[in-house]
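Chain residues, written in single-letter form:
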Amino acid sequence: MTSFALTPPRQPSPVSSSTSPGCTSLQQLLHSVGSGTGRCRSASIVHAVAIALGSNLGDRFANIETALRLLEVPQALLEDSENGVQVTVIDTSFMYETAPMYVTDQPRFANCACIVETNLQPVTLLRLLKKIEDVVGRVPTIRNGPRAIDLDILTYDSEKIDTRPEDKRYDLQNLTDELVVPHPRLAEREFVLRPLNDMMPDFVHPVHRKAIRTLLGDLLSARTVDEPPMLKVLPFPKYPFVATLTPYGFPSVPPTAKYWIISSTDSVGKPGLHTTHIMATLNTTPDSFSDGSMHDTVPAALKYVRTSVESGAHIIDVGGYSTRPGATFVSESEETDRVVPIISAIRTDESEDVANVLISIDTFRWKVAEAAVQAGANCINDVYAFTGPDYPLVQASAEHFLQMRDVTRRLSVPVVLMHSRGDARSNKDYSRYQGDLVSAIQSELGDKVEAIVRGAGGVRRWLVIVDPGIGFSKPADAQYTLLSRVGSITADKPGNCLVGYPLLIGTSKKSFLASVLQRPDPVGTYKGRKTGPQGRIWATAATVACAVQQGANVVRVHDVLEMRDVVATSSAIWNGLSS
């Protein structure tokens, strides 16, 4: 069989290359350190295969992560395998929670899909998938019934395969231990088409002769009755967690702590209501711009966390190194010593709500991130999106990138990836984008996200949150226009690599707000005033309301109770009151 590339990465538009003249791209730098993140296949890896994964028993998300790790160790599962057999996961979809189909009296499923590159033949690959189902704990049940994990080959290059005898191919009732590719029910299953559309929307189905995006549109447009909505979800692993080495050579997967519903689509594919989650900002530094030295002891930090949780915070963002312009340098060890004791104290608090709250570690350093997660953090928030503080990018940026990506992948934690250009005060020229910050962010952050998600060793797509980086390396006045259009950053349009990602907005008390407050009223008596961070609460409230209207999934704030009221009221205005 010959190979066939399922789909190329989404291509940036001609104007939107993130590499400035005379600069080196991230992909070039990654290749220079010996680790390209694209589809770099060895001579023996010739097949691109799409695989569906589903689970509705036990810890669904941990089951799926375990299955993905097992996919990449075929030698440990196929007893008669030859040396050199290889399966590499090179892309993943978003994660969805879906209602069961066919047999409806069972729990909801977690569904996703992946693309692998492999030198295994189709029947051998099927045998590997069945072995993985056994290892993860599938208990044989009725057809389409509950299972700890279910794996199906959806496409294999562009091949058409049917292992059944010719006289048995007249229906789909005799598929046990047989293989039909493309999957014969692919075109009737939204929970299969939507994940495929995340990764390979332009792949042409070899039987239907239509692109995946077209098949999805056809399915949705043909519906005449309401179907339960598909929910895009974001799982968070539970830490601290002591991993043990599995018999298959990789560490055990952490259990799931909680998961968020990010978005929903109705039966005809229209976006449904969304929830805006609240991230409380806990700076353990003496020099943060808003609350420096206010929460840099364990008792003070715990008091803030308890108040924030009681006020409605969904996650606490703990930082130990200020990113404000001119902040004092902090060593890795000092940053770690600031954040780890506070994270540990949160996890052992006497209040169950406090002890179980989600925690994000705000750092761009991989050693700090790993220590914080092992202490109890569930998420990483990186203001440089894995490439570190250098801008333009240098070789050290690529080395930094690989370390951060490896930690995130190993720990299976969500990550917030922010757009920035080094020092927050600098690099504000966007003339090559005609001043369009949305296009610049889609290009520059999109290139990083593609390198993080795609290719061998990539982070799972469903674990990525994007942040446009309000207040970082952007002209102050242009950021108001950016806020008014910020929802379009993840819109589905040609060339946009950020399509569908959850969106975090952080505007709280930032200095760009001061420029409006300092302007005199041209028709009134207000003369303008200079404001410090504490004088920008009401201005922050306006931007949070805008973020809700624009569909933000997370807002990062300092004053939780006040901003929770803004989120609740804004959500009621634009989404309606929930029952």
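Residue numbers here run from 1 along each chain, matching the order of that chain's written sequence. In keeping with the model being predicted, local features are shown solely for residues with a pLDDT of at least 70 and side-chain atom pairs are shown and tallied solely at 80 or more, while totals for entire chains, interfaces and linings include all residues. In computing side-chain properties, one takes all heavy atoms of the structure into account and sets aside hydrogens as well as water.

Quick look at unusual backbone geometry
So, point 1. Residue P240 is bonded to the preceding Y239 through a cis peptide linkage, with omega at 5°.
So, point 2. Tracing the backbone through its elements, the reader meets P240 in the loop between β8 (230-237) and β9 (256-265).
So, point 3. Here Y391 and P392 are connected by a cis peptide whose omega angle stands at -5°.
So, point 4. Numbering of helices and strands starts at the N terminus; helices are DSSP runs of H or I of at least 4 residues and strands are runs of E of at least 2. Assignment of secondary structure puts P392 in the loop between β13 (379-382) and α11 (395-411).
So, point 5. In this model, F386 sits at a positive phi of 85°, which is unusual for a non-glycine residue.
So, point 6. In this fold, F386 is placed in the loop between β13 and α11.

Focus: the side chain of S360
So, point 1. Summarising the element assignment, S360 is placed in strand β12 (residues 358-362).
So, point 2. With residues up to four places along the chain from it excluded, the contact list for S360 reads M279, I315, I316, D317, V318, C379, I380 and N381. Contacts are assigned to residue pairs with any non-hydrogen atoms lying within 4.5 Å of each other.

Points about the sheet that holds strand β11 (residues 315-319)
So, point 1. When DSSP locates at least two bridges between a pair of strands, those strands are taken to pair. Read across the sheet, eight strands follow the order β15-β14-β13-β12-β11-β10-β17-β16 without closing on themselves; strand pairing throughout is parallel. Two strands lie at the open edges of the sheet, namely β15 (464-467) and β16 (504-506), each paired on one side alone. Taken pair by pair, the neighbouring strands of this sheet meet at an average axis angle of 25°, ignoring direction.
So, point 2. With four bridges joining them, strand β14 (residues 415-418) and β15 adopt parallel strand pairing. Paired with M418 across the two strands is D467, which belongs to β15.
So, point 3. Only the stretch in contact is used when a helix axis is fitted, and all axes are lines through C-alpha atoms; the angle between N-to-C directions ranges over 0 to 180 degrees. Most of the contacts of helix α12 (residues 437-453) go to β15, to which it runs at about 165°, and overall it touches β14 and β15.

Focus on the side chain of R60
So, point 1. Looking at the element boundaries, R60 is found in helix α2 (residues 60-71).
So, point 2. Here a polar contact means two N or O atoms within 3.5 Å. Within protein one must be a hydrogen donor candidate and the other an acceptor candidate, and residues neighboring in sequence count only if both atoms are side-chain atoms. Separated by 3.5 Å, the side chains of R60 and Y259 make a polar contact.
So, point 3. The residues touching R60, leaving out its near neighbours within four places in the chain, are S55, E97, R108, F109, A110 and Y259.

Let's talk about the pattern of salt bridges
So, point 1. Salt bridge criterion: a side-chain nitrogen from Lys or Arg within 4 Å of a carboxyl oxygen from Asp or Glu. On inspection of all chains with the given rule, the structure shows 30 salt bridges.
So, point 2. One salt bridge in this structure joins R306 and D349, with 2.6 Å as the shortest N-O distance. One end of the pair, R306, is in helix α7 (residues 298-311); the other, D349, is in the loop between α8 (332-347) and α9 (352-355), and 43 residues separate them in sequence.
So, point 3. Beyond isolated ion pairs, a larger network of salt bridges with shared partners links D91, E450, R454 and R461.

Quick word on the confidence of the model for the chain
So, point 1. Every residue gets a pLDDT, meaning the predictor's confidence in that residue, from 0 to 100. For the chain, mean pLDDT is 90; residues scoring 70 or higher make up 91% of the total.
So, point 2. Low pLDDT (under 50) marks residues 1-5, which in the prediction has 16 contacts with non-local residues, meaning those over four places away or in another chain.
So, point 3. Within the model, pLDDT remains below 50 along residues 11-22, and this stretch shows 23 contacts once partners closer than five positions in the same chain are excluded.

Side note on the packing of α7 against α8
So, point 1. Contact pair α7 / α8: the axes reach a minimum separation of 10 Å and the direction vectors enclose 50°. Considering their axes alone, α7 and α8 lie oblique with respect to each other. Remark: the crossing between α7 and α8 carries right-handed chirality. Contacts between α7 and α8 involve V298, A301, L302 and V305 on the former and, on the latter, P341, I342, A345 and I346. An angle below 35 degrees is treated as roughly parallel, one above 145 as roughly antiparallel, one from 65 to 115 as roughly perpendicular, and anything else as oblique. By definition, turning the near helix anticlockwise from the far helix through less than a right angle yields a left-handed crossing, and turning it clockwise yields a right-handed one.

Here's the deal with the environment of S360
So, point 1. Of the residues examined, S360 reaches a relative accessible area of 0% and is grouped as buried.
So, point 2. Put simply, S360 and I316 are 44 residues apart on the chain and 5.9 Å apart in space, counted from C-alpha to C-alpha. Think of it in three bands: residues with accessible area under 20% of the maximum for their type are buried, residues over 50% are exposed, and the middle band is partly exposed, with areas taken using a 1.4 Å probe on protein chains only.

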